[in-house]
Amino acid sequence: MSDQGDPLARIAAALERLAPPAVPVPDWSADPAYVWDQHGARAVARIVAPPLDLLQGIDEQKQRVVDNVARLAAGHAAHDMLLWGSRGMGKSALLRASVVAAQAGDPGRVALIQVAPEALSALAPLFGQLGRLERRFLVFIDDLGFEDGDSAGPRALRSWLEGGVEARPGNVRLAVTSNRRAIVPRHLAEQDDPINPRDAVDDRLALADRFGLSIGFHNCTQDQYLAIVGGYCAQHGLDWNEGDALEWSKRRGQRSGRVAWQFVTELAGRAGKAL
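Conventions used here
Residues numbered from 1 in each chain as written. Predicted model: local features only at pLDDT ≥ 70, side-chain atom pairs only at ≥ 80, totals over all residues. Heavy atoms only, no water. Buried < 20%, exposed > 50% of the residue type's maximum accessible area, 1.4 Å probe, protein only. Helix = DSSP H or I, 4+ residues; strand = E, 2+ residues; numbered from the N terminus. Pairing = 2+ DSSP bridges. Right-handed = clockwise from strand over helix to strand, strands pointing away. Expected span 1.5 Å × (residues − 1). Contact = heavy atoms within 4.5 Å. Core = buried A, V, L, I, M, F, W, Y, C linked by side-chain atoms within 4.5 Å. Axes fitted to C-alpha atoms, helices over the stretch in contact; angles between N-to-C directions. Arc of directions from axis to C-beta. Polar contact = N/O pair within 3.5 Å; in protein donor to acceptor, adjacent residues only side chain to side chain.

**Q** Mind laying out the pairing of strand S4 (residues 110-115), listing which residues take part and the relevant values?
**A** Burial analysis of S4 places 5 of its 6 residues in the buried class, the great majority of the element. Pairing analysis gives 4 bridges linking strand S1 (residues 33-37) to S4, with the strands arranged parallel. Within S4, the residue paired with Ala33 across the bridge is Leu112. As paired strands, S4 and strand S5 (residues 136-141) are joined by 5 bridges and run parallel to one another. Directly across from Leu112, in S5, lies its bridge partner Leu138. Each parallel crossover has a hand, and for S4 linked through helix H4 (residues 123-130) to S5 it is right-handed.

**Q** Describe helix H9 (residues 257-270), listing the residues and the values that go with them.
**A** The terminal C-alpha atoms of H9, which comprises 14 residues, lie 20 Å apart, in line with the 20 Å expected from a rise of 1.5 Å per residue. Within H9 the residues assigned to the buried category are Gly257, Val259, Ala260, Phe263, Val264, Leu267 and Ala268. Packed against the buried residues of H9 are helix H7 (222-236) and helix H8 (242-252). Of the residues flanking the end of H9, it is Gly272, one or two places downstream, whose phi is positive at about 70 degrees.

**Q** Explain the nonpolar core to me, and be specific about the residues and the numbers.
**A** Among the nonpolar cores identified, the biggest contains 44 residues, and Val65, Met81, Leu95, Leu138, Tyr225 and Val229 are the most heavily contacted of them. Sequence-distant contacts of Leu138, that is, excluding residues within four places in its chain, are made with Val69, Leu72, Met81, Leu95, Val99, Val110, Ala111, Leu112, Ile113, Arg173, Leu174 and Ala175.

**Q** I'd like to hear about the sheet that holds strand S6 (residues 172-178), residue by residue, with values.
**A** Overall, mixed pairing links the 7 strands, which are arranged S2-S1-S4-S5-S6-S3-S7 in an open sheet. If you trace the sheet from one side to the other, it starts and ends with strand S2 (40-44) and strand S7 (213-217), each paired once. On average, adjacent strands in this sheet sit at an angle of 20 degrees to one another, irrespective of strand direction. By the bridge criterion, 4 bridges tie strand S3 (residues 81-85) to S6 in an arrangement that is parallel. Paired with Leu82 across the bridge in S6 is Val176. Helix H3 (residues 91-103) rests against S3, S4, S5, S6 and S7 of the sheet, and its axis sits at about 155 degrees to S4. In this fold H4 packs onto S1, S4, S5 and S6, with an angle of close to 165 degrees to the strand it touches most, S5.

**Q** Lay out H8 in plain terms, naming residues and giving numbers.
**A** The complete set of buried residues in H8 reads Ala245, Leu246, Trp248 and Ser249. Seen end-on, H8 carries its buried residues on one side only, within an arc spanning 155 degrees. For H8, exposure combined with an orientation more than 90 degrees from the buried face picks out Lys250 and Arg251. Lining the buried residues of H8 we find H7 and H9. Looking at where H8 begins, the residue whose side-chain oxygen comes 3.1 Å from the main-chain nitrogen of Gly243 is Asn241. With its phi angle positive at about 75 degrees, Gly253 sits one or two positions after the end of H8.

Shown next, in the form of structure tokens:
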């Protein structure tokens, strides 16, 4: 009897067609960066990051992050990192630039893996793959935040950082950026717990305390903002003046590295140049 007349064969063929294709496993030794999302991993051929010397106004933060990533790349003891604070002050750019610097001369030493928000629940399989390798990895979770009522997410992150059965392997470190130091929301009402006014606050701070490095980023001063603009303009051969740069920041309602770069992008567009 042919398969076409066999009901079991037809069912098996239909199920095979419905099943999603197997997710290919990338060559974890071949590329400088990867993205891990709901479909698995994909390689990134080049990390886009500004030169470290153009990241101004964050000198202390820059030194601490660069040193820590260099330790990881060298196989030395290194910390998990929480970079928190003001928007647009270079948290994620600094992480990318630090990995690029650590790869200089030996691209195979360390790789950056950015985890998409929807893939946080699938970190355990990722760690399972990475833990069998000799290469070092910085797993990067950008702009992380947990909403009220989300207790599973913070608990999982604490477990990954230390102490859990599925904790990240020794050749992997986590780097998280967030606008909030505690990552999860905090409210004044937490101080009014009639049973133990510190329990709720301490539980939330316990998550941030799992990071060996917790580094704050704050809005830059006017002088720092202008220095950032000047550095970018010098790099790209653009003419500018302080009055225009300050007016741009006033209209944006903020002085930050991101706003400075947006102003530089406007200048380049006016001059007919590409960046």
